[in-house]
Amino acid sequence: MDENLRREIILDNYQDPMNRGLIEDSSYVRERMNSESCIDDLDFMMKIEDGKIQDIRFDGEACAISTSATSIMIRKLMGLTVEEARKILENYQNMIYEKEYDSELLGELNVYDTIHKQPNRMNCALLPSVAVKKMLEKLK
Amino acid sequence: MNREDFPMLQEGFVFFDNGATTLKPKCVVDAMKRYYEEHTSNIHRGDYDAAVKTNALYDGVRKIVSQFVNCDPNCVIYTSGATHSLNMVVFGYMRKHLKKGDEVLLNKAEHASNILPWIKLQEEIGIVLKYVPLDENYECSFESIEKCVTDKTKVISLAQVTNVIGDVRDVTRIGKFCREHHILFNVDGAQSVPHMKVDFENSDMDFLSFSGHKMCGPTGVGVLIGRRELLEEMEPLCYGGGMNAFFEEDNSYELKEIPVRFEAGTPPIAEVIGLGEAITYLMNIGMERIHEQEVSLKKYLLEKLKEFDDITVYNQNPNSGIVSLNLEGVFAQDFSIFLNHFHIAVRAGNHCAKLLKDEMDVKNTVRISMYFYNTFEDIDQFIDALRHRSEIFQIIL
Ligand SMILES: Cc1ncc(COP(=O)(O)O)c(C=O)c1O
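Residues numbered from 1 in each chain as written. Chains lettered and ligands numbered in written order. Predicted model: local features only at pLDDT ≥ 70, side-chain atom pairs only at ≥ 80, totals over all residues. Heavy atoms only, no water.

**Quick notes on a nonpolar patch on the surface**
Residues and elements named next belong to chain B. Judged by side-chain polarity, Tyr239, Phe247 and Tyr253 come together as a nonpolar surface patch covering roughly 400 Å² of accessible area. Structurally, Tyr239 can be placed in the loop between helix H7 (228-233) and strand S9 (244-247). Residue Tyr239 is classed as partly exposed on the basis of its relative accessible area of 46%. (Patch = residues over 30% accessible without salt bridge, like charges linked within 9 Å, V, L, I, M, F, W, Y side chains within 5 Å. Areas by Shrake-Rupley, 256 points an atom, 1.4 Å probe, with all protein chains shown as cover. Salt bridge = Lys/Arg side-chain N within 4 Å of Asp/Glu carboxyl O. Helix = DSSP H or I, 4+ residues; strand = E, 2+ residues; numbered from the N terminus. Buried < 20%, exposed > 50% of the residue type's maximum accessible area, 1.4 Å probe, protein only.)

**So, helix H10 (residues 332-341) of chain B**
An α-helix turns once every 3.6 residues. As a result, residues three or four positions apart point the same way. By the criterion of burial, H10(B) is predominantly enclosed, with 8 of the 10 residues buried. B:His343 sits one or two positions beyond H10(B) and adopts a positive phi of about 60°.

**What to know about the domain arrangement of chain B**
Residues and elements named next belong to chain B. If you check the domain split of chain B, you get domain 1 (26-284) and domain 2 (287-396). Computed over C-alpha atoms only, the centres of domain 1 and domain 2 are separated by 29 Å. In this complex, domain 1 contributes 29 residues to the contact, which on the side of domain 2 involves 27 residues. Buried area between domain 1 and domain 2, both sides added, is near 2,300 Å², and the carbon and sulfur share of it is 60%. The tally of links between domain 1 and domain 2 comes to 1 salt bridge. With a shortest N-O distance of 3.3 Å, Lys108 and Asp358 are connected by a salt bridge. On inspection of domain 1 and its partner domain 2, the count reaches 8 residue pairs in polar contact (both at pLDDT 80 or more). Residue composition of the side of domain 1 that touches domain 2, by class: 17 nonpolar, 6 polar and 6 charged. (Domains from an automatic or database assignment. Contact = heavy atoms within 4.5 Å. Buried area = accessible area lost by both parts, 1.4 Å probe. Polar contact = N/O pair within 3.5 Å; in protein donor to acceptor, adjacent residues only side chain to side chain. Nonpolar A, V, L, I, M, F, W, Y, C, P; charged D, E, K, R; others polar.)

**Here's the deal with the state of the cysteines**
Residues and elements named next belong to chain B. Tallied over the full model, the rule gives 0 disulfides over all chains. No disulfide involves Cys178; its sulfur sits 11 Å from the nearest other cysteine sulfur, which is in Cys140. Cys27 provides the cysteine sulfur closest to Cys216, a residue in no disulfide bond, and the two sulfurs are 8.1 Å apart. (Disulfide = S-S within 2.5 Å.)

**A short note on the pattern of salt bridges**
Oppositely charged side chains are able to pair whenever their charged atoms sit close together. Residues and elements named next belong to chain B. One pass over the full model with this rule turns up 41 salt bridges over all chains. Lys99 serves as the salt-bridge partner of Asp102, at 3.5 Å between the closest nitrogen and oxygen. Judged by its relative accessible area of 52%, Lys99 falls in the exposed class. One salt-bridge network, held together by shared partners, links Arg179, Asp204, Asp206, Arg227 and Glu229.

**Examining the environment of B:Ser209**
Residue and element names in this part refer to chain B. Locating Ser209 in the fold gives a position in strand S7 (residues 207-211). Looking at Ser209, the relative accessible area reads 0%, which means it is buried. As a C-alpha pair, Ser209 and Gly329 span 120 residues in sequence and 38 Å in three-dimensional space. Contact partners of Ser209, with chain neighbours within four places excluded, come to Ala82, Ser85, Leu86, Val187, Asp188, Gly189, Ala190, Val223 and Leu224.

Spelled out as structure tokens, the structure:
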């Protein structure tokens, strides 16, 4: 991927992230994420209806990588079925961990395909995927 | 000063993370290496030459510590670090001597290791934790401490120097007050002992904790000093070899005298020897000189920072080598990653002072913490890096 384009996507999503700000609504599941390696501290909330992800929102303080990854992840997952979402999360995490994955599925999430070169940032990029997985578990 | 003693201080590398841990001078590593290569042996009970040597060096460090902070060498307990020391105070001494309703004065600038053990103890026995309000500079003054004291106050526990704000608390005055009012005075010296002259006796301290690795020494070793009468009453948290006089099948046992009563098992021998070497090294430089160097570095840095209106410094006043700051619109961690590109090592975060966010309007900062081997050139390098701050995202993404 072109480095300028990569940077632009990350920066746009960092500076103006999708769905930042939580709301009062008890039909959402919630998850608080503190990263081990990082000082990120983000709260997530997600609503599923009829087997589909209707909404994911987040708020808190985090670095450019986690914030942008969260924003891009939210854009990607909204409206998908739980099954489709799981597949994306799986492939996304495989990409971060340098395992086999299908880049076709990931769209803009591909901007993190070289994050493994900065091992201390991998957890930042993983953060939204871990959060969504945890929330899906809670809904089971 | 003394940069040549530190192998890690290569040209172009700026180490500004001394609050987390300091670099090690060659003499410290060499002393540990000699132990490993020339006289490895356990302490106590050894009759061969290497063991005799090890024993003498190991025990000798208590004397070195006692000269360094002015205390009784027999009241110097080796621990694994300040955290361990503080836990020993809370669970070894306080658990036995405090009761429900007794008040302990803390403040929100303290490190986790001087808060969480207390929270646990309040859960166990119902003591009451009170937080002394910080002033508008997030500092903790004698006056505000005094105001919080009631007839239920049994302990004042604080860091002599805090690790985010770096304010130097007037321990001599607080100690005198505590002595007069029969309040126990527990001092976390993790950020003061490495940087300034600390006097256990003359500051009327009851307990003093610090870590070796923050003062040119190795990781894995620290010290707890306690007043003799208190140590006599303190319970060991760990039982085993080296600390018992005898034990029998009928469950009778007797523990050894202090301080070895608190040092069950094989201690970090190489680390204790390294710590002794580190303290000797610091004393040879002189704690006054170290402190002066740090204060003048901070002054220089603050002066240079005046040119940048998008940098907020949270602790202008304190006389220590700590400067906590943020770059406007940039998350602390992104800022520290940016600085790493310029070979400048700093720390971003809440620095384990998680309650401080209640007092400050920020949760995370970038902390520059300096030591005597830092230079004005280090600061210039930092300032030069700052001139590239508009390119931060090109650099870190
Ligand atoms: C003020 C203060 N107290 C205690 C500690 C704990 O020291 P250690 O992690 O070496 O046990 C630190 C370390 O950061 C500190 O800054």
